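Residue-level structural notes
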Amino acid sequence: MRRVLRFGTAPAAACGLTLAGATQAAAGAIGSTPVQSFEYSVGGATVKIPTGCMFTHAIRGEGKRITYQNAGVDCAFLGALSTGFCNWRIDFTYADTENRTYRTSRGATHNECEIHPMRNNAPQTLPRYGKACAHLHVNGVRRVSQCHSITR
């Protein structure tokens, strides 16, 4: 049931952001990056992540104020049939316009295996314009990132 809800809510969220942007001074963005196929070892067993997964990062706010931020993985086809992502965490990083990272919100490492790992981040006000990124780490290795520009 969880898979159906996540796939069904993504288009609705995108429409909501578009409509909110038309009637308010707030801004938002949603972007997805394909998760490349990879293998890793957990407890002596090899886990393979096939193609068919997307890492999506959504952000809402106004100026340097972020009111909502979420990142997670949605898998379809072969990706939905895999064991999933074991020992995963999602980090959020913030960089200035010179691409210097000045803040990192490190997520907790989840030892269980999940097909659809996801994390929300707390609302906050950034000290500078630049970019906000989400990064998926699996078994200690950064596997995919997705970023959005934070501008005036």
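Everything quoted here is computed from the prediction, not taken from an experiment. By convention here, each chain's residues receive numbers from 1 onward along its written sequence. Confidence filtering applies because this is a predicted model: local features only for residues at pLDDT of at least 70, side-chain atom pairs given and counted only at 80 or more, and all residues used for totals across whole chains, interfaces and linings. To get the side-chain values, take all heavy atoms of the structure and skip hydrogens and water.

**Observations regarding the overall build of the protein chain**
Filter applied, for reference: Each helix is a run of H or I in the DSSP string that is no shorter than four residues. Each strand is a run of E no shorter than two, and both are numbered from the N terminus. Exposure classes here rest on a 1.4 Å probe applied to the protein chains alone. A residue is buried below 20% of its type maximum, exposed above 50%, and partly exposed in between. Contacts are assigned to residue pairs with any non-hydrogen atoms lying within 4.5 Å of each other. Here, Shrake-Rupley sampling with a 1.4 Å probe gives the accessible areas, and only protein chains in the shown set may cover a residue.
Helix and strand counts for the protein chain stand at one helix and twelve strands. The helix and strand sequence of the protein chain, counted from the amino end, reads α-β-β-β-β-β-β-β-β-β-β-β-β. Across the 152 residues of the protein chain, 40% fall into the buried class. Long-range pairs, those at least 24 residues apart, make up 62% of the contacts in the protein chain between residues at least 6 apart in sequence. Within the structure as shown, the protein chain displays about 8,200 Å² of accessible surface, and the carbon and sulfur contribution to it stands at 54%.

**Remarks on the nonpolar core**
Using the following cut-off: The criterion is simple. A nonpolar core is a set of buried Ala, Val, Leu, Ile, Met, Phe, Trp, Tyr and Cys residues joined through side-chain atoms within 4.5 Å.
Formed by 26 residues in total, the largest nonpolar core has its most connected members in Val35, Phe55, Phe85 and Leu136. Secondary structure elements with two or more residues in this core: strand 2 (38-42), strand 3 (45-49), strand 4 (53-62), strand 5 (65-75), strand 6 (85-96), strand 11 (130-138) and strand 12 (141-150). Looking at this core, the element that brings in the most residues is strand 6, giving six residues. Not counting residues within four places of it along the chain, the set of residues in contact with Leu136 comprises Phe55, Val73, Phe85, Trp88, Arg89, Ile90, Pro117, Val141, Arg142, Arg143 and Val144.

**What to know about the pattern of salt bridges**
Using the following cut-off: Basic side-chain nitrogens of Lys or Arg form a salt bridge, by our definition, when they fall within 4 Å of a carboxyl oxygen of Asp or Glu.
All chains considered together, the criterion is met by two salt bridges. A salt bridge links Asp96 to Arg100, with the nearest nitrogen and oxygen atoms 3.1 Å apart. Relative accessible area serves as the criterion here: at 11%, Asp96 is assigned to the buried category.

**Section: the packing of aromatic side chains**
Rules: Only Phe, Tyr and Trp rings take part, Trp by its six-membered ring, and two of them pair if their centres are within 6.5 Å. Stacked means planes under 30 degrees apart, edge-to-face means over 60, and tilted covers everything else. Think of it as a cone above the ring: NZ of Lys or CZ of Arg counts as a charge over the ring if it is within 6 Å of the ring centre and within 35 degrees of the ring normal.
For the structure shown, the criterion picks out two aromatic pairs. With a centroid separation of 6.5 Å and 45° between ring planes, the pair formed by Phe38 and Phe85 is classed as tilted. Here Phe85 lies in strand 6 and Phe38 lies in strand 2, a separation of 47 residues in the sequence. On the basis of relative accessibility, which here comes to 8%, the residue Phe38 falls in the buried class. Of the aromatic side chains, those joined through ring pairs into one cluster are Phe38, Tyr40 and Phe85. The ring of Tyr68 is capped by Arg60, whose NZ or CZ atom sits 4.2 Å from the centre of that ring. For Arg128, the ring lying beneath its charged end belongs to Tyr102, and the centroid distance is 4.3 Å.

**Side note on the pairing of strand 3**
We apply this condition: For two strands to count as paired, DSSP must find a minimum of two bridges between them.
Here five bridges tie strand 2 to strand 3, and the two strands are oriented antiparallel to one another. Within the sheet, the bridge partner assigned to Phe38 lies in strand 3 and is Ile49. Adjacent in sequence and paired antiparallel, strand 2 and strand 3 are bridged by two residues, among which Gly43 carries a positive phi angle near 55°.

**Re the side chain of Gln146**
As a reminder, the rule being used: Throughout this description, a polar contact denotes any pair of N or O atoms lying within 3.5 Å of each other; where both atoms belong to protein, one of them has to be capable of donating a hydrogen while the other can accept it, and for residues adjacent in sequence the pair is counted only when both atoms sit in side chains.
Considering the arrangement of structural elements, one finds Gln146 in strand 12. Exposure remark for Gln146: the relative accessible area of 11% places this residue in the buried category. Here His148 takes part through its side chain, which lies 3.1 Å from a polar atom of the side chain of Gln146.

**Some points on the environment of Asp96**
Assignment of secondary structure puts Asp96 in strand 6. Sequence separation of Asp96 and Ile150 is 54 residues, and the distance between their C-alpha atoms is 9.0 Å. Discounting chain neighbours no more than four positions away, the residues touching Asp96 are Tyr102, Arg128, Tyr129 and Gly130. From its side chain, Asp96 meets the backbone nitrogen of Arg100 in a polar contact 2.9 Å long.

The analysis is restricted to geometry; functional conclusions fall outside its scope.
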